Amino acid sequence: TGEKGVGKTCLLNTVTSKTAGVIKLEAQPSDSERTIIKNALQELANPPFKFMNLLKSARRVILYYRLFTLGRSPIIVINATERKVGQDYAGLTGAVRTLVDKYKLRVIIDGSPNSLDETLLRTNRQRVFDIKPMDKEMVWKIVQLKDLFKYAKEAGLEDTVFAVLGGIPSKYEEL
């Protein structure tokens, strides 16, 4: 978890970029538990024909994956998209429980506080990593932004830029 633009998705993409068996999908607000489970299994099994049994295909993929990786399970990364005021939360709590308990998958949820139901964070089964904004030294080490920082330094605006934008990398990208 962490506020929007702090770098949660970038961190997850970096950590999982060279990891086999990582499936990524989105959970929209109001997506039911059943929809999220179906989408995860669909993405995992990817059956070539619509008439094939999705559950059997998914179980077979998981079995073979665990066989070839000495017992490790595939990882499902679910990006909980932002919800608007008044919209229901995605049914992540039950979906995650089913994907972990029934299918023995490893599940990671990527979301900002606005997109996550509080019950998801209080199951006593989760590990929550709250990604905080970066400090000034960390922000100024971001290689992709070196031209911006060079300009800010030449103009004597280093402190002002950080005071206005804070430690949220996406704000610097926008600038």
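Coordinates for the structure precede this section.
Residues numbered from 1 in each chain as written. Predicted model: local features only at pLDDT ≥ 70, side-chain atom pairs only at ≥ 80, totals over all residues. Heavy atoms only, no water.

(A) Broad picture of the pattern of salt bridges. Taken as a whole and assessed by the stated rule, the structure comprises two salt bridges. Between D130 and K132 there is a salt bridge, with its nearest N and O atoms 2.9 Å apart. With a relative accessible area of 41%, D130 lands in the partly exposed category. K132 sits in the exposed class, given a relative accessible area of 56%. The residue D159 makes a salt bridge to K136 at a minimum N-O spacing of 2.3 Å. Here the residue D159 occupies a position in helix α7 (residues 158-165), and K136 occupies one in helix α5 (residues 136-139), the gap between them amounting to 23 residues. Since its relative accessible area comes to 22%, K136 is described here as partly exposed. (Salt bridge = Lys/Arg side-chain N within 4 Å of Asp/Glu carboxyl O. Buried < 20%, exposed > 50% of the residue type's maximum accessible area, 1.4 Å probe, protein only. Helix = DSSP H or I, 4+ residues; strand = E, 2+ residues; numbered from the N terminus.)

(B) Representation of the packing of helix α2 (residues 33-45) against helix α4 (residues 92-101) within the structure. As a packed pair, α2 and α4 sit with axes 8 Å apart at the nearest point and diverge in direction by 40°. Judged by the angle between their axes, α2 and α4 are oblique. Every pair of crossing elements has a handedness; the one defined by α2 and α4 is right-handed. Residues E33, I36, I37, A40 and L41 of α2 touch α4, and the partners they reach there are L92, G94, A95, T98 and L99. In terms of residue class, the contact of α2 with α4 is made up of seven nonpolar, two polar and one charged. (Axes fitted to C-alpha atoms, helices over the stretch in contact; angles between N-to-C directions. Parallel < 35°, antiparallel > 145°, perpendicular 65-115°, else oblique. Left-handed = near helix turned anticlockwise from the far one by under 90°. Contact = heavy atoms within 4.5 Å. Nonpolar A, V, L, I, M, F, W, Y, C, P; charged D, E, K, R; others polar.)

(C) A look at the pairing of strand β3 (residues 106-110). Examined bridge by bridge, strand β2 (residues 75-80) and β3 share five bridges and lie parallel to one another. Within β3, the residue paired with I76 across the bridge is V107. For the segment spanning β2, α4 and β3, crossover handedness is right-handed. (Pairing = 2+ DSSP bridges. Right-handed = clockwise from strand over helix to strand, strands pointing away.)

(D) Inspection of the environment of A40 at higher detail. Along the chain, the position of A40 falls in helix α2. Taking the relative accessible area as the measure of exposure, A40 reaches 0% and is therefore buried.

(E) Here's a closer look at the nonpolar core. Grouped together as the largest cluster of nonpolar side chains are 24 residues, with contacts concentrated most on I36, L41, I76, I78, L92, L99 and L105. Put simply, the parts of the chain that give this core at least two residues each are β1 (22-27), α2, α3 (54-68), β2 and α4. A total of six residues in this core trace back to one element, the largest contributor, which is α2. Those residues in contact with L105, other than ones at most four positions away along the chain, are L44, I62, S73, P74, I76, L99 and V100. Core analysis: the second largest hydrophobic core is formed by nine residues, V139, I142, L145 and V161 among them. (Core = buried A, V, L, I, M, F, W, Y, C linked by side-chain atoms within 4.5 Å.)

(F) The arrangement of a nonpolar patch on the surface in detail. On the surface, L63, Y64, L67 and F68 cluster together into a nonpolar patch covering about 490 Å² of accessible area. Structurally, L63 can be placed in helix α3. (Patch = residues over 30% accessible without salt bridge, like charges linked within 9 Å, V, L, I, M, F, W, Y side chains within 5 Å. Areas by Shrake-Rupley, 256 points an atom, 1.4 Å probe, with all protein chains shown as cover.)

(G) Structural context of the packing of aromatic side chains. Under the defined criterion, the tally for this structure stands at three aromatic pairs. Geometrically, the ring pair formed by Y64 and F68 is stacked, given 6.4 Å between the ring centres and 20° between the ring planes. With Y64 and F68 both in helix α3 and four residues apart, the pair spans about one turn of that helix. A relative accessible area of 43% means that Y64 is categorised as partly exposed. Here F149 and Y172 contribute two aromatic rings whose centre-to-centre distance is 5.8 Å and whose plane-to-plane angle is 70°, an arrangement assigned as edge-to-face. Here the residue F149 occupies a position in helix α6 (residues 146-154), and Y172 occupies one in helix α8 (residues 169-174), the gap between them amounting to 23 residues. With respect to class, F149 is no different from Y172; both count as buried. (Phe/Tyr/Trp six-rings, centres within 6.5 Å; stacked < 30°, edge-to-face > 60°.)

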